[in-house]
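Overview (structure and organization)
Here's the letter readout for the chains.
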Amino acid sequence: MDCIFCKILSGEIPSKKVYEDETVCAFYDVDPQAPVHVLIIPKEHIPSAAAITPENSAVVAHIFEVIAKLSKELGLTEGFRVVNNCGDIAGQTVKHLHFHLMGGREFTWPAG
Ligand code: AMP
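**Regarding helix α2 (residues 58-73)**
- Over its 16 residues, α2 extends 23 Å from the first C-alpha to the last, a length consistent with the 22 Å expected when each residue adds 1.5 Å.
- Of the positions making up α2, those classed as buried are Val 59, Val 60, Ile 63, Val 66, Ile 67, Leu 70 and Ser 71. The arc that holds the buried residues of α2, viewed along the axis, is 135°, so those residues lie on one side. Facing away from the buried side of α2, by more than 90 degrees, are the exposed residues Ala 58, Glu 65 and Lys 72.
- On its buried side, α2 packs onto β1 (17-20), β2 (24-28), β3 (36-42), β4 (81-83) and β5 (99-103).
- Residue Gly 75 follows α2 closely and has a positive phi angle near 80°.

Quick look at the structure:
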């Protein structure tokens, strides 16, 4: 499958991993938009948030457990932002479900 994140999982494309277990992986974004910018992905190839179903949604809960753990380990005690872009109109460029964990600066709302 021609998926950048599947290639990161297989080791075909290098990444700077910060966490990995049986079902998820987290690594630094190659083009950081904040002092801390990590991507958390399921190992299963789920194309986007629009493809989450009762059968595959457990990994999303687990991803948020990992986000809470990583936020502490990475020093984001003042808060952080979690972003999921779903579909081209929302700016999703990689069609493998992922959550951006960003912190270390202030964020405005609403996001553009
Ligand atoms: P999105 O635009 O929401 O689909 O996010 C995709 C993210 O993947 C972007 O922030 C990219 O900078 C990031 N990205 C693309 N290729 C890589 C890579 N090889 N390693 C780490 N991050 C990547």
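From this point, the discussion proceeds with the structure in view.
**So, the packing of aromatic side chains**
- Overall, the coordinates contain two aromatic pairs when judged by the stated rule.
- Ring plane angle 75° and centroid distance 5.4 Å describe the contact between Phe 5 and Phe 27, whose orientation is recorded as edge-to-face. With a gap of 22 residues between them, Phe 5 in helix α1 (residues 4-10) and Phe 27 in strand β2 connect regions that are remote in the sequence.
- Phe 5 sits in the buried class, given a relative accessible area of 6%.
- Where Phe 64 meets Phe 99, the ring centres are 5.3 Å apart and the plane angle is 70°; that geometry is what we call edge-to-face. In this pair, Phe 64 is assigned in helix α2 and Phe 99 in strand β5, connecting sequence segments 35 residues apart.
- On the accessibility criterion, Phe 64 (39% relative accessible area) is partly exposed.
- Residue classification places Phe 99 among the buried residues on the basis of a relative accessible area of 7%.
- The side chain of Lys 16 reaches across the aromatic face of Tyr 28, ending 4.8 Å from its centre.

Parameters at a glance
- Residues numbered from 1 in each chain as written.
- Predicted model: local features only at pLDDT ≥ 70, side-chain atom pairs only at ≥ 80, totals over all residues.
- Heavy atoms only, no water.
- Helix = DSSP H or I, 4+ residues; strand = E, 2+ residues; numbered from the N terminus.
- Expected span 1.5 Å × (residues − 1).
- Buried < 20%, exposed > 50% of the residue type's maximum accessible area, 1.4 Å probe, protein only.
- Arc of directions from axis to C-beta.
- Contact = heavy atoms within 4.5 Å.
- Phe/Tyr/Trp six-rings, centres within 6.5 Å; stacked < 30°, edge-to-face > 60°.
- Lys NZ or Arg CZ within 6 Å of the ring centre and 35° of its normal.

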